[in-house]
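Structural overview for review
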Amino acid sequence: MPNILIVAGDGIGPEIMNEAKRVLDCFAGEIDFTMTERLIGGAAIEATGSPFPAETQEAAQKADAVLLGAVGGPKWDNLPLAERPEKGLLAIRKTLGLYANLRPLSIWPQLAAFSPLRPELLQNVSFTIVRELTGDVYFGEPRGVRTDENGKRTAFNTMVYSEDEIRRIAKVAFDLARKSRKKVCSIDKSNVLESMRFWREIVEEEHKAYPDIELSHLYVDNASMQIIRQPSSFDIMLTPNMFGDILSDEAAVLSGSLGLLPSASIGGKSALFEPIHGSAPDIAGQGLANPIGMILSAAMMLELSFDRADLGGKIRAAVAAALDKGLRTADIASEGTTRVSTQEMGTAIVEGVKAGR
Ligand code: IPM
Ligand code: MG
(Lines give C-alpha, C1' and ligand atoms only; values in the text may rest on other atoms or scores of the structure.)
(Ligands and ions follow the chains in the order given, each with its own letter.)
Protein backbone atom coordinates (compact mmCIF):
# COMPACT_ATOMS: atom_id res chain seq x y z
CA MET A 1 0.00 0.00 0.00
CA PRO A 2 1.45 3.42 -0.96
CA ASN A 3 2.82 5.41 1.93
CA ILE A 4 2.70 9.20 2.20
CA LEU A 5 5.26 10.84 4.47
CA ILE A 6 3.85 13.92 6.19
CA VAL A 7 6.41 16.48 7.34
CA ALA A 8 4.48 19.53 8.57
CA GLY A 9 7.47 21.55 9.80
CA ASP A 10 7.18 24.91 11.55
CA GLY A 11 5.08 28.04 11.86
CA ILE A 12 1.84 27.68 9.92
CA GLY A 13 3.05 24.29 8.55
CA PRO A 14 1.11 22.12 11.02
CA GLU A 15 -2.15 24.12 10.63
CA ILE A 16 -2.24 24.02 6.87
CA MET A 17 -1.11 20.38 6.87
CA ASN A 18 -4.09 19.45 9.07
CA GLU A 19 -6.42 20.79 6.41
CA ALA A 20 -4.60 18.95 3.61
CA LYS A 21 -4.82 15.71 5.60
CA ARG A 22 -8.56 16.19 6.09
CA VAL A 23 -8.97 16.67 2.35
CA LEU A 24 -6.92 13.53 1.61
CA ASP A 25 -8.98 11.56 4.13
CA CYS A 26 -12.02 12.16 1.90
CA PHE A 27 -10.44 9.74 -0.60
CA ALA A 28 -9.69 7.00 1.92
CA GLY A 29 -12.29 4.75 0.28
CA GLU A 30 -11.05 5.43 -3.24
CA ILE A 31 -7.31 4.99 -2.99
CA ASP A 32 -5.42 2.98 -0.44
CA PHE A 33 -2.67 4.84 1.30
CA THR A 34 -1.15 5.18 4.73
CA MET A 35 0.32 8.33 6.23
CA THR A 36 3.47 8.44 8.34
CA GLU A 37 4.43 11.60 10.20
CA ARG A 38 7.99 12.76 10.91
CA LEU A 39 9.74 15.92 12.03
CA ILE A 40 11.66 18.37 9.87
CA GLY A 41 13.08 21.88 10.27
CA GLY A 42 12.87 23.74 13.57
CA ALA A 43 10.51 21.18 15.10
CA ALA A 44 13.12 18.50 14.41
CA ILE A 45 15.93 20.67 15.81
CA GLU A 46 13.99 21.00 19.07
CA ALA A 47 13.36 17.27 19.36
CA THR A 48 16.61 15.82 18.02
CA GLY A 49 19.15 18.61 17.43
CA SER A 50 19.06 18.11 13.65
CA PRO A 51 16.77 19.75 11.03
CA PHE A 52 16.71 16.49 9.02
CA PRO A 53 17.09 13.65 11.52
CA ALA A 54 17.96 10.10 10.48
CA GLU A 55 14.43 8.78 11.15
CA THR A 56 12.96 11.41 8.82
CA GLN A 57 15.55 10.59 6.17
CA GLU A 58 14.75 6.88 6.44
CA ALA A 59 11.01 7.48 6.22
CA ALA A 60 11.51 9.80 3.23
CA GLN A 61 13.49 7.17 1.36
CA LYS A 62 10.76 4.58 1.97
CA ALA A 63 7.83 6.86 1.16
CA ASP A 64 6.00 6.87 -2.17
CA ALA A 65 5.38 10.60 -1.83
CA VAL A 66 6.22 13.33 0.66
CA LEU A 67 3.90 16.14 1.69
CA LEU A 68 5.70 19.06 3.33
CA GLY A 69 4.34 22.16 5.09
CA ALA A 70 7.00 24.82 5.67
CA VAL A 71 10.14 25.30 7.75
CA GLY A 72 11.89 28.07 9.66
CA GLY A 73 11.26 30.73 12.28
CA PRO A 74 12.92 33.51 14.27
CA LYS A 75 13.83 31.10 17.05
CA TRP A 76 16.48 29.50 14.84
CA ASP A 77 17.64 32.63 12.98
CA ASN A 78 20.97 32.83 14.75
CA LEU A 79 22.04 29.25 14.12
CA PRO A 80 24.85 28.62 11.61
CA LEU A 81 23.45 28.07 8.10
CA ALA A 82 24.24 24.35 8.15
CA GLU A 83 22.09 23.85 11.27
CA ARG A 84 19.09 26.00 10.38
CA PRO A 85 15.59 24.64 9.65
CA GLU A 86 16.01 25.54 5.95
CA LYS A 87 18.87 23.06 5.81
CA GLY A 88 16.31 20.32 6.52
CA LEU A 89 14.31 21.31 3.46
CA LEU A 90 17.38 21.60 1.23
CA ALA A 91 18.62 18.23 2.52
CA ILE A 92 15.36 16.36 1.86
CA ARG A 93 15.26 17.75 -1.71
CA LYS A 94 18.88 16.78 -2.29
CA THR A 95 18.65 13.34 -0.63
CA LEU A 96 15.64 12.36 -2.73
CA GLY A 97 17.30 13.68 -5.91
CA LEU A 98 14.44 16.10 -6.61
CA TYR A 99 16.10 18.29 -9.21
CA ALA A 100 12.94 19.63 -10.84
CA ASN A 101 10.51 21.89 -9.02
CA LEU A 102 7.24 22.63 -10.81
CA ARG A 103 5.43 25.76 -9.69
CA PRO A 104 2.23 26.23 -11.68
CA LEU A 105 0.57 29.63 -11.51
CA SER A 106 -3.10 29.92 -12.19
CA ILE A 107 -5.24 32.97 -11.75
CA TRP A 108 -8.49 32.42 -9.86
CA PRO A 109 -11.06 34.75 -11.44
CA GLN A 110 -12.76 35.03 -8.03
CA LEU A 111 -9.63 36.75 -6.71
CA ALA A 112 -8.77 38.90 -9.70
CA ALA A 113 -9.66 42.05 -7.78
CA PHE A 114 -7.09 41.06 -5.22
CA SER A 115 -4.22 40.92 -7.69
CA PRO A 116 -1.97 43.98 -7.81
CA LEU A 117 -2.27 43.86 -11.63
CA ARG A 118 -5.09 45.34 -13.65
CA PRO A 119 -7.65 42.69 -14.69
CA GLU A 120 -6.89 43.05 -18.40
CA LEU A 121 -3.26 42.03 -17.78
CA LEU A 122 -4.45 38.83 -16.10
CA GLN A 123 -6.39 37.59 -19.13
CA ASN A 124 -5.11 34.14 -20.19
CA VAL A 125 -2.37 34.04 -17.58
CA SER A 126 -1.34 30.48 -16.82
CA PHE A 127 2.28 29.42 -16.67
CA THR A 128 4.53 27.00 -14.85
CA ILE A 129 7.93 27.80 -13.47
CA VAL A 130 10.24 24.81 -13.85
CA ARG A 131 12.88 25.58 -11.28
CA GLU A 132 16.12 23.59 -11.08
CA LEU A 133 16.27 22.55 -7.42
CA THR A 134 19.48 20.77 -6.46
CA GLY A 135 22.22 22.86 -8.05
CA ASP A 136 23.34 26.47 -8.51
CA VAL A 137 24.63 28.77 -5.78
CA TYR A 138 22.36 26.93 -3.29
CA PHE A 139 24.66 23.90 -3.30
CA GLY A 140 27.80 25.17 -5.08
CA GLU A 141 31.24 24.68 -3.53
CA PRO A 142 33.35 26.35 -2.35
CA ARG A 143 31.22 28.36 0.04
CA GLY A 144 31.93 30.04 3.33
CA VAL A 145 33.71 32.91 5.03
CA ARG A 146 37.51 33.22 5.06
CA THR A 147 39.76 35.52 7.05
CA ASP A 148 42.98 36.84 5.52
CA GLU A 149 46.29 37.47 7.30
CA ASN A 150 45.14 40.99 8.27
CA GLY A 151 42.00 39.67 9.90
CA LYS A 152 39.76 40.94 7.05
CA ARG A 153 36.85 38.64 6.27
CA THR A 154 35.39 37.75 2.87
CA ALA A 155 32.25 35.66 2.27
CA PHE A 156 31.66 33.67 -0.90
CA ASN A 157 29.35 31.24 -2.69
CA THR A 158 29.70 29.53 -6.03
CA MET A 159 27.20 29.59 -8.88
CA VAL A 160 27.94 26.35 -10.66
CA TYR A 161 26.11 24.09 -13.13
CA SER A 162 27.28 20.90 -14.77
CA GLU A 163 26.21 20.00 -18.27
CA ASP A 164 24.15 17.04 -17.05
CA GLU A 165 22.30 19.12 -14.48
CA ILE A 166 21.24 21.60 -17.16
CA ARG A 167 20.29 18.91 -19.68
CA ARG A 168 17.98 17.01 -17.37
CA ILE A 169 16.07 20.08 -16.17
CA ALA A 170 15.79 21.41 -19.74
CA LYS A 171 14.24 18.06 -20.73
CA VAL A 172 11.65 18.37 -17.97
CA ALA A 173 10.71 21.83 -19.26
CA PHE A 174 10.48 20.76 -22.91
CA ASP A 175 8.48 17.63 -22.06
CA LEU A 176 6.06 19.69 -20.00
CA ALA A 177 5.73 22.24 -22.83
CA ARG A 178 4.61 19.39 -25.11
CA LYS A 179 1.63 18.88 -22.81
CA SER A 180 1.00 22.60 -22.67
CA ARG A 181 1.20 25.50 -25.18
CA LYS A 182 4.57 24.37 -26.57
CA LYS A 183 6.59 27.38 -25.46
CA VAL A 184 9.61 27.44 -23.19
CA CYS A 185 11.25 30.64 -21.99
CA SER A 186 14.63 29.99 -20.37
CA ILE A 187 15.88 32.48 -17.79
CA ASP A 188 19.55 33.29 -17.26
CA LYS A 189 22.09 36.08 -16.82
CA SER A 190 24.28 35.05 -19.72
CA ASN A 191 25.36 38.62 -20.41
CA VAL A 192 27.41 38.58 -17.20
CA LEU A 193 27.94 35.10 -15.74
CA GLU A 194 29.87 32.19 -17.29
CA SER A 195 27.69 29.59 -15.60
CA MET A 196 24.62 31.25 -17.06
CA ARG A 197 26.11 31.53 -20.54
CA PHE A 198 26.75 27.81 -20.31
CA TRP A 199 23.15 27.30 -19.15
CA ARG A 200 21.85 29.01 -22.31
CA GLU A 201 24.22 27.03 -24.55
CA ILE A 202 23.15 23.66 -23.12
CA VAL A 203 19.44 24.55 -23.15
CA GLU A 204 19.83 25.37 -26.85
CA GLU A 205 21.53 22.04 -27.49
CA GLU A 206 18.74 20.14 -25.72
CA HIS A 207 16.18 22.10 -27.69
CA LYS A 208 17.39 20.43 -30.90
CA ALA A 209 15.48 17.31 -29.90
CA TYR A 210 12.28 19.38 -29.54
CA PRO A 211 11.71 21.15 -32.88
CA ASP A 212 7.99 21.40 -32.09
CA ILE A 213 8.69 23.59 -29.05
CA GLU A 214 9.32 27.31 -29.35
CA LEU A 215 12.31 28.35 -27.22
CA SER A 216 13.08 31.89 -26.12
CA HIS A 217 15.55 33.33 -23.60
CA LEU A 218 15.31 36.22 -21.18
CA TYR A 219 17.82 37.73 -18.80
CA VAL A 220 16.49 37.41 -15.29
CA ASP A 221 16.15 41.17 -14.76
CA ASN A 222 14.07 41.49 -17.91
CA ALA A 223 12.04 38.39 -16.95
CA SER A 224 11.13 39.94 -13.61
CA MET A 225 9.74 42.90 -15.53
CA GLN A 226 7.85 40.82 -18.14
CA ILE A 227 6.11 38.82 -15.38
CA ILE A 228 4.40 42.08 -14.43
CA ARG A 229 4.16 43.66 -17.87
CA GLN A 230 2.84 40.75 -19.93
CA PRO A 231 2.44 37.63 -17.82
CA SER A 232 0.23 35.95 -20.44
CA SER A 233 3.26 35.62 -22.74
CA PHE A 234 4.68 32.78 -20.63
CA ASP A 235 3.90 29.08 -20.86
CA ILE A 236 6.82 27.14 -19.35
CA MET A 237 9.46 29.25 -17.65
CA LEU A 238 12.70 27.32 -17.16
CA THR A 239 14.95 28.72 -14.44
CA PRO A 240 18.11 28.00 -12.48
CA ASN A 241 17.56 27.39 -8.76
CA MET A 242 18.12 30.88 -7.37
CA PHE A 243 16.30 32.84 -10.08
CA GLY A 244 13.36 30.44 -9.86
CA ASP A 245 13.12 31.01 -6.12
CA ILE A 246 12.90 34.76 -6.64
CA LEU A 247 10.65 34.79 -9.72
CA SER A 248 8.16 32.33 -8.24
CA ASP A 249 7.44 34.59 -5.27
CA GLU A 250 6.97 37.46 -7.70
CA ALA A 251 4.69 35.44 -9.96
CA ALA A 252 2.62 34.18 -7.03
CA VAL A 253 1.50 37.68 -6.17
CA LEU A 254 -0.26 37.95 -9.53
CA SER A 255 -2.76 35.41 -8.30
CA GLY A 256 -3.57 37.54 -5.28
CA SER A 257 -1.60 35.73 -2.59
CA LEU A 258 1.54 33.71 -2.05
CA GLY A 259 -0.66 31.38 0.01
CA LEU A 260 -2.37 29.96 -3.09
CA LEU A 261 0.53 28.33 -4.92
CA PRO A 262 1.42 24.64 -4.77
CA SER A 263 4.55 22.94 -6.03
CA ALA A 264 5.83 19.51 -6.94
CA SER A 265 9.47 18.47 -6.76
CA ILE A 266 10.27 15.55 -9.02
CA GLY A 267 13.18 13.68 -10.57
CA GLY A 268 13.81 11.10 -7.85
CA LYS A 269 12.25 7.76 -6.96
CA SER A 270 9.48 9.55 -5.09
CA ALA A 271 8.25 13.13 -5.30
CA LEU A 272 7.73 15.88 -2.74
CA PHE A 273 4.84 18.32 -2.66
CA GLU A 274 4.82 21.62 -0.78
CA PRO A 275 3.28 25.08 -1.05
CA ILE A 276 5.76 27.67 -2.31
CA HIS A 277 5.30 29.97 0.68
CA GLY A 278 7.27 29.93 3.93
CA SER A 279 6.35 29.18 7.53
CA ALA A 280 4.95 32.68 8.28
CA PRO A 281 5.80 32.54 12.01
CA ASP A 282 4.17 35.94 12.58
CA ILE A 283 0.68 34.54 11.91
CA ALA A 284 1.19 30.96 13.14
CA GLY A 285 -1.39 29.39 15.44
CA GLN A 286 -4.05 32.05 14.88
CA GLY A 287 -6.13 30.49 12.12
CA LEU A 288 -4.99 33.21 9.72
CA ALA A 289 -3.04 31.04 7.27
CA ASN A 290 -4.42 30.18 3.85
CA PRO A 291 -4.44 26.38 3.44
CA ILE A 292 -5.13 26.48 -0.32
CA GLY A 293 -1.48 26.27 -1.48
CA MET A 294 -1.01 23.24 0.78
CA ILE A 295 -4.27 21.59 -0.31
CA LEU A 296 -3.43 22.15 -3.99
CA SER A 297 -0.03 20.57 -3.31
CA ALA A 298 -1.91 17.48 -2.12
CA ALA A 299 -3.91 17.65 -5.37
CA MET A 300 -0.66 17.68 -7.37
CA MET A 301 0.47 14.65 -5.37
CA LEU A 302 -2.67 12.70 -6.31
CA GLU A 303 -2.09 13.61 -9.96
CA LEU A 304 1.63 13.05 -10.27
CA SER A 305 2.44 10.35 -7.70
CA PHE A 306 -0.83 8.42 -7.75
CA ASP A 307 -1.87 9.06 -11.34
CA ARG A 308 -5.27 10.27 -10.18
CA ALA A 309 -5.84 13.48 -12.12
CA ASP A 310 -9.55 12.93 -11.51
CA LEU A 311 -9.13 13.34 -7.74
CA GLY A 312 -6.80 16.33 -8.15
CA GLY A 313 -9.51 17.88 -10.32
CA LYS A 314 -12.11 17.30 -7.60
CA ILE A 315 -9.96 19.17 -5.10
CA ARG A 316 -9.48 22.06 -7.50
CA ALA A 317 -13.20 22.23 -8.14
CA ALA A 318 -13.83 22.27 -4.38
CA VAL A 319 -11.36 25.15 -3.95
CA ALA A 320 -13.12 27.05 -6.72
CA ALA A 321 -16.48 26.39 -5.07
CA ALA A 322 -15.26 27.71 -1.71
CA LEU A 323 -13.99 30.87 -3.41
CA ASP A 324 -17.26 31.18 -5.36
CA LYS A 325 -19.11 31.19 -2.04
CA GLY A 326 -17.05 34.23 -1.08
CA LEU A 327 -15.06 32.45 1.62
CA ARG A 328 -11.71 34.16 2.21
CA THR A 329 -8.83 33.64 4.60
CA ALA A 330 -7.11 36.75 6.00
CA ASP A 331 -4.62 37.10 3.15
CA ILE A 332 -7.34 37.35 0.49
CA ALA A 333 -10.11 39.01 2.51
CA SER A 334 -11.79 42.05 1.02
CA GLU A 335 -15.06 43.91 1.43
CA GLY A 336 -18.19 41.97 0.65
CA THR A 337 -16.60 38.57 1.28
CA THR A 338 -16.79 36.24 4.26
CA ARG A 339 -13.69 36.09 6.35
CA VAL A 340 -12.92 32.50 7.45
CA SER A 341 -10.20 30.79 9.47
CA THR A 342 -7.70 28.27 8.15
CA GLN A 343 -9.85 25.47 9.49
CA GLU A 344 -13.12 26.86 8.13
CA MET A 345 -11.57 27.13 4.67
CA GLY A 346 -10.44 23.51 5.03
CA THR A 347 -13.93 22.44 6.07
CA ALA A 348 -15.48 24.19 3.07
CA ILE A 349 -13.06 22.41 0.72
CA VAL A 350 -13.69 19.04 2.41
CA GLU A 351 -17.44 19.57 1.98
CA GLY A 352 -16.91 20.54 -1.65
CA VAL A 353 -14.89 17.39 -2.30
CA LYS A 354 -17.57 15.21 -0.67
CA ALA A 355 -20.33 16.95 -2.63
CA GLY A 356 -18.39 16.39 -5.86
CA ARG A 357 -18.30 12.61 -5.50
C1 IPM B 1 11.25 28.00 -1.44
C2 IPM B 1 11.87 28.56 -0.18
C3 IPM B 1 13.15 27.77 0.13
C4 IPM B 1 14.10 27.94 -1.04
C5 IPM B 1 13.82 28.14 1.45
C6 IPM B 1 12.87 28.07 2.62
C7 IPM B 1 15.04 27.30 1.72
O8 IPM B 1 12.11 29.92 -0.30
O9 IPM B 1 10.94 26.80 -1.48
O10 IPM B 1 11.03 28.77 -2.37
O11 IPM B 1 14.85 28.94 -1.10
O12 IPM B 1 14.12 27.07 -1.91
MG1 MG C 1 11.24 30.77 -2.06
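Attention here is on the structure that accompanies the text. Everything numeric here is computed off the predicted structure, so don't read it as measured data.

What to know about unusual backbone geometry
What is expected of a backbone is that most residues other than glycine have negative phi and most peptide bonds are trans. In the segment running from E141 into P142, the intervening peptide bond is cis, with an omega of 0 degrees. Looking at the secondary structure, you find P142 in the loop between β5 (126–132) and β6 (144–147). Residues other than glycine seldom take positive phi values, yet N124 does so here, at roughly 60 degrees. Locating N124 in the fold gives a position in the loop between β4 (100–106) and β5.

What to know about the sheet that holds strand β8 (residues 183–188)
With mixed pairing, the 10 strands of this open sheet are ordered in space as β2-β1-β3-β12-β11-β4-β5-β10-β8-β9. Since the sheet does not close on itself, it has two edges, and those belong to β2 (34–37) and β9 (214–219), each with one partner. On average, each strand axis in the sheet is tilted by 25 degrees relative to the strand beside it, whichever way the strands run. The pairing of β5 with strand β10 (residues 236–239) spans 4 bridges and is classified as parallel. For V130, the partnering residue across the bridge sits in β10 and is L238. Each of β5, β8, β9 and β10 is contacted by helix α6 (residues 194–207), which is oriented at about 175 degrees to β9, the strand it contacts most. Sheet contacts for helix α9 (residues 292–304): β1 (3–9), β3 (65–70), β4, β11 (262–266) and β12 (271–275); angle to β12, the most-contacted strand, approximately 160 degrees.

Examining helix α7 (residues 220–229)
If you check which residues of α7 are buried, you get V220, A223, Q226 and I227. Viewed end-on, α7 has its buried residues packed into an arc of 110 degrees, placing them on one side of the element. Looking at the buried side of α7, the elements it contacts are β8, β9, β10 and α8 (241–254).

Remarks on the packing of aromatic side chains
Summed over the entire model, instances satisfying the criterion amount to 3 aromatic pairs. Ring geometry for Y161 and W199: centres 5.1 Å apart, planes at 55 degrees, overall tilted. In this pair, Y161 is assigned in the loop between β7 (153–156) and α5 (163–178) and W199 in helix α6, connecting sequence segments 38 residues apart. Of the two residues, Y161 and W199, both sit in the buried class. The ring of F139 carries K94 above its face, with NZ or CZ at 4.5 Å from the centroid.

Concerning the site of ligand 1
The full set of residues close to ligand 1 is E86, L89, R93, R103, R131, Y138 and D245. In the environment of ligand 1, an oxygen atom lies 2.9 Å from a nitrogen or oxygen atom belonging to the side chain of R103. Y138 places a side-chain nitrogen or oxygen 2.5 Å from an oxygen atom of ligand 1. Coverage of ligand 1 by the protein chains reaches 79% of its 320 Å² of free accessible surface. Among the elements that line the shell around ligand 1, the one with the most residues is helix α4 (residues 85–95), at 3 residues. A domain-level breakdown of the shell around ligand 1 finds at least three residues from each of domain 1 (1–100 + 257–357) and domain 2 (116–255).

Points about the pairing of β6
By the bridge criterion, 4 bridges tie β6 to β7 in an arrangement that is antiparallel. Looking at β7, one finds that R146 is bridged to T154. Linking β6 back to β7 in an antiparallel pair, the connection comprises 5 residues, with G151 at a positive phi of about 80 degrees.

Observations regarding the pairing of β5
For β5, the tally of buried residues reaches 6 of 7 residues, placing the bulk of the element in the interior. One ladder, built from 7 bridges, connects β4 with β5; its direction is antiparallel. What sits directly across from S106, in β5, is S126.

Notes on the packing of helix α1 (residues 13–25) against helix α11 (residues 342–355)
It is at 9 Å that the axes of α1 and α11 come closest, and there the two elements cross at 15 degrees. It follows from the interaxial angle that α1 and α11 lie roughly parallel. The handedness of the crossing between α1 and α11 comes out as right-handed. Contact with α1, carried on its side by E15, I16, E19, R22 and V23, involves T342, Q343, G346, T347, I349, V350 and V353 of α11 and no other residues of that element.

Rules used throughout
- Residues numbered from 1 in each chain as written.
- Chains lettered and ligands numbered in written order.
- Predicted model: local features only at pLDDT ≥ 70, side-chain atom pairs only at ≥ 80, totals over all residues.
- Heavy atoms only, no water.
- Helix = DSSP H or I, 4+ residues; strand = E, 2+ residues; numbered from the N terminus.
- Pairing = 2+ DSSP bridges.
- Axes fitted to C-alpha atoms, helices over the stretch in contact; angles between N-to-C directions.
- Contact = heavy atoms within 4.5 Å.
- Buried < 20%, exposed > 50% of the residue type's maximum accessible area, 1.4 Å probe, protein only.
- Arc of directions from axis to C-beta.
- Phe/Tyr/Trp six-rings, centres within 6.5 Å; stacked < 30°, edge-to-face > 60°.
- Lys NZ or Arg CZ within 6 Å of the ring centre and 35° of its normal.
- Near = heavy atom within 4 Å.
- Polar contact = N/O pair within 3.5 Å; in protein donor to acceptor, adjacent residues only side chain to side chain.
- Areas by Shrake-Rupley, 256 points an atom, 1.4 Å probe, with all protein chains shown as cover.
- Domains from an automatic or database assignment.
- Parallel < 35°, antiparallel > 145°, perpendicular 65-115°, else oblique.
- Left-handed = near helix turned anticlockwise from the far one by under 90°.

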